[in-house]
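Descriptive structure summary
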Amino acid sequence: MKQQRASVFASGTGSNFDVMMQDEDIANSIVLLVCDKPGAAVIEKAESLGVPTLVLDPKIYSSKQEYEKVIYEKLQSLEVDWIFLAGYMRLIGETLLSQYEGRIINIHPSILPSFPGKDAIGQAFRAGVSKTGVTIHYVDEGMDTGPIIAQEEIEMIPGETEEQLKTRIQAVEHRLYPNVMKQLMQNVTEEL
Ligand code: GAR
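None of these values were measured; they are calculated from a predicted model. (Residues numbered from 1 in each chain as written. Predicted model: local features only at pLDDT ≥ 70, side-chain atom pairs only at ≥ 80, totals over all residues. Heavy atoms only, no water.)

**Points about the pattern of salt bridges**
The cut-off we apply is this: In what follows, salt bridge is the name for a side-chain nitrogen of Lys or Arg lying within 4 Å of a carboxyl oxygen of Asp or Glu. Numbering of helices and strands starts at the N terminus; helices are DSSP runs of H or I of at least 4 residues and strands are runs of E of at least 2. Partly exposed describes any residue whose relative accessible area lies between the buried limit of under 20% and the exposed limit of over 50%, with all areas from a 1.4 Å probe on protein chains only and scaled to the type maximum.
Inspection of every chain in the model, using the stated rule, returns eight salt bridges. A salt bridge links K45 to D18, with the shortest nitrogen-to-oxygen separation between them at 3.6 Å. With K45 in helix α3 (residues 41–48) and D18 in helix α1 (residues 15–21), this residue pair connects regions lying 27 residues apart in the sequence. Its relative accessible area of 23% is what places K45 among the partly exposed residues.

**Overview of the environment of T13**
The cut-off we apply is this: Should any heavy atoms of two residues lie within 4.5 Å, those residues are considered in contact.
Within the secondary structure, T13 sits in the loop between β1 (6–10) and α1. Between the alpha carbons of T13 and A40 there is a distance of 6.6 Å; along the sequence they are 27 residues apart. In contact with T13, not counting residues within four places along its chain, are A41, V42 and K45.

**Thoughts on the sheet that holds strand β5 (residues 104–108)**
How we decide: Note on pairing: DSSP must find at least two bridges between two strands before they are called paired. Between N-to-C directions, angles cover 0 to 180 degrees, with each direction set by a line fitted to C-alpha atoms, over the stretch in contact for helices.
Strands sit in the order β3-β2-β1-β4-β5-β6-β7 across an open sheet of seven strands; the sheet is mixed. On the outer flanks of this sheet lie β3 (53–55) and β7 (148–155), each paired with one strand and no other. Ignoring strand direction, the axes of neighbouring strands in this sheet form an average angle of 15°. Bridging between strand β6 (residues 131–138) and β7 involves seven bridges; their strand directions are antiparallel. Among the inter-strand pairings, I136 is bridged to a residue of β7, identified as A150. Sitting on the sheet, α3 touches β1, β2 (30–35) and β3, and the angle it makes with β2 is about 155°.

Okay, here's the thing in structure tokens:
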């Protein structure tokens, strides 16, 4: 049975990356961190955990295609099977979508299709909805679109701050994402 090999794409803090690395099975499968923001905190986290990093500044490439070609070549050289987006704030283009169909997964801090895009927690907070939550989905060419794999709702608590809401949402993310990752990678392993 072939061990599944995963890459994580992130742009920021990396709290989701952190919890993935605390799970032995997932940590064993992660062979690369890809980051599009030189200087992002997640890079240092990966380095301190001994995870190889590919840090790119998309601005220096003439097109998304050129940028993603560099990523794809690295993924191929490492025989990566899965791409898990964890706060990667950039649309995935055709170059990666066509090569990793059904193998690119995203986590988003809202109940999609509500509040896609940036600052989903703030968007829900300001909208005054009674519930929000977390969605994990397959990635397509859209912004936080694509078939949903898992969703978990949480109720808003009257009087809580946006920061408190964020803490509760991230706690859900940190539990849900590792579970879904393991299920997805396990299912494929069983099919082989
Ligand atoms: C997470 O809340 C994730 O759901 C969100 O970015 C945050 C990254 O946090 N992703 C999106 O909004 C995607 N549209 P982290 O860097 O601490 O893992």
